[in-house]
Amino acid sequence: MLLPLLSLASVVALSAAEILSLSQLNWTVQNQEGLIKAPARVPSQVHLDLKDANVITEPLLGINDFTERWIVTDPAWIYTADLTPVLNDYTQGPNTSRALLVFYGLDTVATITVAGHPVAWVNNQFQEYVYDVSEYLASPLHNDTTLTVSFESAYLYGLNVSSRPDVESQIAIDFEWPGVREFIRKISSDFGWDWGPAFAPSGIFKPAYLVTLSEEVNGTALDSNPAAHPLLLSNTGGLFIEESSLEISKDGQTPNARPNESADWVVNVTLALRSMHADPNPTLTVSVPELNITSGPLSLAPIPAASNASTFASATFTIPSDVPQRWYPHNLGTPKLYNFTVTLSIAGLPPAYYSTRSGFRTVYLAQMPYSQEDVEQRGITPGDQWHFEVNGKTIYSMGSNVIPFDPFYARISTDKVRWILESVVQSGQNMLRVWGGGIYQPSDELTGGYDFYSICDELGILVWSELGFSDASYPVNDFFLESIEREVRQNVRRVKKHPSNVQWAGGNEIEPALLLVNNTIGTLLPARYIDDFLLLFQDFLHDIVMQEQTTVAYTDCSTTNGVLSLDPYLLRLNNLTEGYIYGNAELYNYDTSQAFNYSTYPKARFVNEFGFHSMPSFYSWEEVLQSPEDFNFNSTVVMSRDHHPPALGLLWPNPLAPVGQGEMTVAVEQWLPTPYTSDSNQTFAQWCYSTQVFQSMYMMSEIAYYRRGSGRGENNLGALVWQLNDIWQGVSWSAIEYSGRWKVMQYGLSNIYSPVMIYPFWTPESETLEVAVTSDRWDTVTGTAQLTWYDWSGRALNTSSLAFSVPSLNSTTVFEAHGLDSILPAGSKAEDVWMHLNVTATADGQTVVHEQYFVPVSLANANLVDPQIKMTPGPDMTFTLSAQGGVAPFTWLDHPSGTVGYFADSTTGKPLNGFYLVPGMDRTVQFVQSSELSTVADPSPADFVVRSLWNNTHI
């Protein structure tokens, strides 16, 4: 989609202003010895180019993550392109144009050479690089007509850096490639993580361009419509906008205080420019056509004539508070966006104008102590607040955590990302956390290769953003800090135009990891680790983020004990008072006997990570397993793709995989019928499905508990499950598989993130059942709860109806009983019955329905009855399911291989799968297919499969 936007059909002489995508050049890639040489692409990465040239097979197949390690340890991979068509223009006579070589991302350690001239050595994957190469093009050395980008092995570079005598050791988990990730500015998970492979790729992984600036006006490129992106302005004349940012705030707003919601809006536009013409009096005009508002010409600081460095220019104007419609997350309002037209006037150049989108909203992260009044009158446990407020109102943050969408960034598509983000909306989530061990997510295809933040803006998804640091201590030498500073400034400036962004965290899990190590080792841990942590995450990164934007908060880490002070910014660390609640929390508990023991869940203001791993579906395994014997729960290949716990080095297959496999096995055996049938493929498929069922049950239990906490002393106002998406086909904590296929948990999230939720809280130790209704609405919600007992044959035993009222952002207990004998229907055994809970409520003027189930024993011990499920296909990919025998818990439809989509209730349109199918209560669902991601356009209804827990032990 890049080339049509640039309107470039072929490589031509660059005699006037023009943008040449480097994807149009003829590229090759070879290793250092030259023994391997293959055609290549840009953007791309070495593994992908070798795959396309049939040097290797698809990296995600089988055990290729092991067999293709040699690519990582080859000392260098060299990308070369022929520049002859470009050089012809620069070597023939006088030339007043300037050529800028623009890389929006290089992965990672590389030497750039143009026409034989060394241009730069780079070592940061997260930076954008721009170089004036005009003189190099005009005077090639030794008749060299190439552009060369030579990538060093990131792993070998990391080893070299870490072994220098002047480099201090750091603390980090070695997931696979050991001892390097903390010393190199590259995606941390590229070196391995407990949910993914360790390909440590290299290459020109983002779009790259040769931008020619000319004093001549390119009349053919002039357009009466604003350019769709600032980069495209270079098509018309002597101007290159290296960076562009737009920030909308309230007058006087700072990230550390609640904004004045009645104050005027302040719109700031900041540009980093390279211009062929100087102008002592340039102007900038900003207009919002839909609002019929224009700033008029705004004066800028003088702009020099310079192509070898950028000049920052900034202007600000105000808009009355009540004029624009506000942007809201999708579950609380409309994510309203406006087009902003920015016009830059520089003497000697044609007016340059482009369009960008943003929205008007305020965000505040409350981190200060609750008042004594809150403690005494609201019953809140003393301590600090930790929640988000949007447009002056407290919200409940419901969502998940995002990891990289693929091990190879260069092949991620906007279509795939959009599908996953639309799945977020469909499941009721309003917030995503962009995990700090991955990539800074991009804003558009033209510079980022795919889109992320703009789609979140459009869909109304709040984004918790993180800087690129995770689970390690880091160097704080000048060389490292200089690289980090440029990285962080560039990305914060880029992201701040997006109303979806709600905070910047310094990194992932670093504060609690260091405090844990410090508390465990005590005085054996040198003080410098804590000192360096404070220097980097409390001071250095905080100050950069605060200097570059004014609308969202900075926190030092994803999981934190919070702050003693916001100004000056001082972390609380271990300055804790017993019985108080501080900061936010996470939970990972692999003792599955305690999975539904609420006393093991944290009483926290906000829980930003919690999860349990599961298998991908049988269909996902089909994408990568190559031999029939591999389709077994504990086959060598399957276990090699379980990286939990991590190998802590390069041993393969992961020697610790039996631990993770065992945790899933025990979970299923404890809580579900143990899969075993005479058909080995069915048994494997049921194991995969059953691990997903347990994962969903466990996560729904946690989410229900945390959401109920909104009305309790902890005043919990956030739950972000780990994790949303997959990076490959393997064991992980994800809700959505690598292909985009929904797991059981994704449907579970669709259920438990309902705006009004009913849930049974069962405490077996005291034989207490509490049924609570929870609401995340800003107004009081009223309705009726229906509790109906059934036996497993589907016979209704008794029912009760309970009216309720739930205050704003709160929870109400609608039923409470003690003693199992008095809770069960008269004469019933716990193994023979279950309860259907249903709520109908009025919220925001609309009817909301929600259902849940209560089983008083483990489903492993329930006396299930053959459900005899009948599936009847209908028009428009609808399927009606009926139980001809007994109740089918966790009835599950699978769509066939080659299709991506989800199942929705044919009446409400809400996602529906993994439900209890009751005789006499048929369910009709429709398959909502992604045409962009599916390779099978018209699947046969005969290829859809239905299963339930009954099939764990029956064909």
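Everything quoted here is computed from the prediction, not taken from an experiment.

Conventions we followed
- Residues numbered from 1 in each chain as written.
- Predicted model: local features only at pLDDT ≥ 70, side-chain atom pairs only at ≥ 80, totals over all residues.
- Heavy atoms only, no water.
- Pairing = 2+ DSSP bridges.
- Helix = DSSP H or I, 4+ residues; strand = E, 2+ residues; numbered from the N terminus.
- Axes fitted to C-alpha atoms, helices over the stretch in contact; angles between N-to-C directions.
- Contact = heavy atoms within 4.5 Å.
- Salt bridge = Lys/Arg side-chain N within 4 Å of Asp/Glu carboxyl O.
- Buried < 20%, exposed > 50% of the residue type's maximum accessible area, 1.4 Å probe, protein only.
- Expected span 1.5 Å × (residues − 1).
- Polar contact = N/O pair within 3.5 Å; in protein donor to acceptor, adjacent residues only side chain to side chain.
- 1 Å grid on protein atoms, 1.4 Å probe; cavity = no way out; pocket = protein on both sides within 12 Å on 5 of 7 lines; lining within 4 Å.
- Points joined across faces, edges and corners; volume = space filled by probe spheres on them.
- Core = buried A, V, L, I, M, F, W, Y, C linked by side-chain atoms within 4.5 Å.
- Arc of directions from axis to C-beta.
- Phe/Tyr/Trp six-rings, centres within 6.5 Å; stacked < 30°, edge-to-face > 60°.

Caption draft 1: Inspection of the sheet that holds strand β11 (residues 239-250) at higher detail. The sheet built from three strands is open, its strands ordered β11-β12-β16 with antiparallel pairing. Of all strands in the sheet, those bounded by a partner on one side alone are β11 and β16 (306-319). Shown here is a sheet whose adjacent strand axes are inclined to one another by a mean of 15°, direction ignored. Inspection of the sheet shows strand β12 (residues 265-275) paired to β16 by ten bridges, in the antiparallel sense. Bridging across to β16, Val266 finds its partner in Thr318. Across the face of the sheet, helix α12 (residues 478-495) comes into contact with β11 and β16 while running at roughly 65° to β11.

Caption draft 2: Representation of the pattern of salt bridges. All told, the structure shown has 34 salt bridges when counted by the stated rule. For the salt bridge of Glu548 with Arg493, the shortest nitrogen-to-oxygen distance reads 3.1 Å. With Glu548 in helix α14 (residues 527-548) and Arg493 in helix α12, the pair connects residues that are 55 residues apart, well separated along the chain. Judged on exposure class, the residue Glu548 and its partner Arg493 are both buried.

Caption draft 3: Expanded view of unusual backbone geometry. Here the amide bond leading from Val42 into Pro43 is cis, since omega sits at 0°, within 30 degrees of zero. For Pro43, the position within the fold is in the loop between β3 (37-40) and α2 (46-52). Here Asp567 and Pro568 are connected by a cis peptide whose omega angle stands at 5°. On the secondary structure map, Pro568 appears in the loop between β27 (563-566) and β28 (569-571). Residue Leu809 is not a glycine yet carries a positive backbone phi of 45°. Inspection of the secondary structure puts Leu809 in the loop between β35 (796-806) and β36 (810-818).

Caption draft 4: Representation of helix α18 (residues 680-708) within the structure. In a regular helix each residue adds 1.5 Å, so 29 residues correspond to 42 Å; α18 covers 42 Å between its end C-alpha atoms and thus fits that length. Among the 29 residues that make up α18, 27 are buried, leaving the element largely enclosed by the rest of the structure. The N-capping residue of α18, defined by a side-chain oxygen 2.9 Å from the backbone nitrogen of Asn681, is Asp679.

Caption draft 5: Main features of the layout of surface pockets. Quantified by volume, the second largest pocket comes out at close to 1000 Å³. Lining of the second largest pocket is provided by 48 residues; of these, His229, Ser443, Asp444, Thr447 and Lys497 occupy positions nearest its centre. For the lining of the second largest pocket, the secondary-structure elements that each account for two or more residues are β11, β18 (352-358), α9 (414-426), α10 (445-448), α11 (453-459) and α12.

Caption draft 6: Region of interest: the nonpolar core. Core analysis: the biggest nonpolar cluster contains 162 residues, and Phe452, Leu536 and Leu541 have the highest contact counts within it. Here this core takes 15 residues from α18, the largest share from any one element. Beyond its immediate stretch of four places on either side in the chain, Leu541 contacts Leu467, Phe469, Ile484, Val488, Gly506, Leu536 and Tyr554.

Caption draft 7: Quick peek at the sheet that holds strand β45 (residues 945-947). Reading across the sheet, the three strands line up as β43-β41-β45 and stay open at both edges, with antiparallel pairing between neighbours. Lying at the two open borders of the sheet, with one neighbouring strand each, are β43 (915-917) and β45. Each strand of the sheet is rotated relative to its neighbour by a mean of 45°, with strand direction disregarded. For strand β41 (residues 888-894) and β43, the ladder comprises two bridges, and the chain directions are antiparallel. Bridging across to β43, Ala888 finds its partner in Leu917.

Caption draft 8: The arrangement of helix α7 (residues 154-162) in detail. When α7 is considered as a whole, its buried residues turn out to be Ala154, Tyr155, Tyr157, Gly158 and Val161. Buried residues of α7, viewed axially, fall in a sector of 160°; they line one side. In the core, the buried residues of α7 are packed alongside α4 (70-73), β7 (117-122), β9 (146-152) and α12.

Caption draft 9: Summary view of the environment of Ser801. Tracing the backbone through its elements, the reader meets Ser801 in strand β35. For Ser801, a relative accessible area of 48% puts it in the partly exposed group. Sequence separation between Ser801 and Glu629 is 172 residues; the distance between their C-alpha atoms is 53 Å.

Caption draft 10: Broad picture of the environment of Asn561. Mapped onto the secondary structure, Asn561 falls in the loop between β26 (553-555) and β27. Separated by 413 residues in sequence, Asn561 and Thr148 have C-alpha atoms that sit 48 Å apart. Apart from the residues lying within four places of it in its own chain, the contact partners of Asn561 are Glu511, Leu515, Arg572, Leu573, Asn574, Leu576, Tyr582 and Gly583. Polar contacts involving the side chain of Asn561 include one to the main-chain carbonyl oxygen of Leu573, which spans 2.8 Å.

Caption draft 11: Seen up close, the pairing of β27. Both β27 and β28 contribute to a ladder of three bridges, which runs antiparallel. Each residue of the ladder has a partner; that of Ser565, found in β28, is Leu570.

Caption draft 12: Geometry of the packing of aromatic side chains. Within the structure shown, the criterion is met by 73 aromatic pairs. On the numbers, 5.7 Å between centres and 90° between planes, the contact of Trp386 with Phe388 is edge-to-face. Neither Trp386 nor Phe388 differs from the other in exposure class; each is buried. For the pair Phe890 and Tyr916, a centre-to-centre distance of 5.7 Å together with 65° between the ring planes defines the contact as edge-to-face. Separated by 26 residues along the polypeptide, Phe890 in strand β41 and Tyr916 in strand β43 bring together distant segments of the chain.

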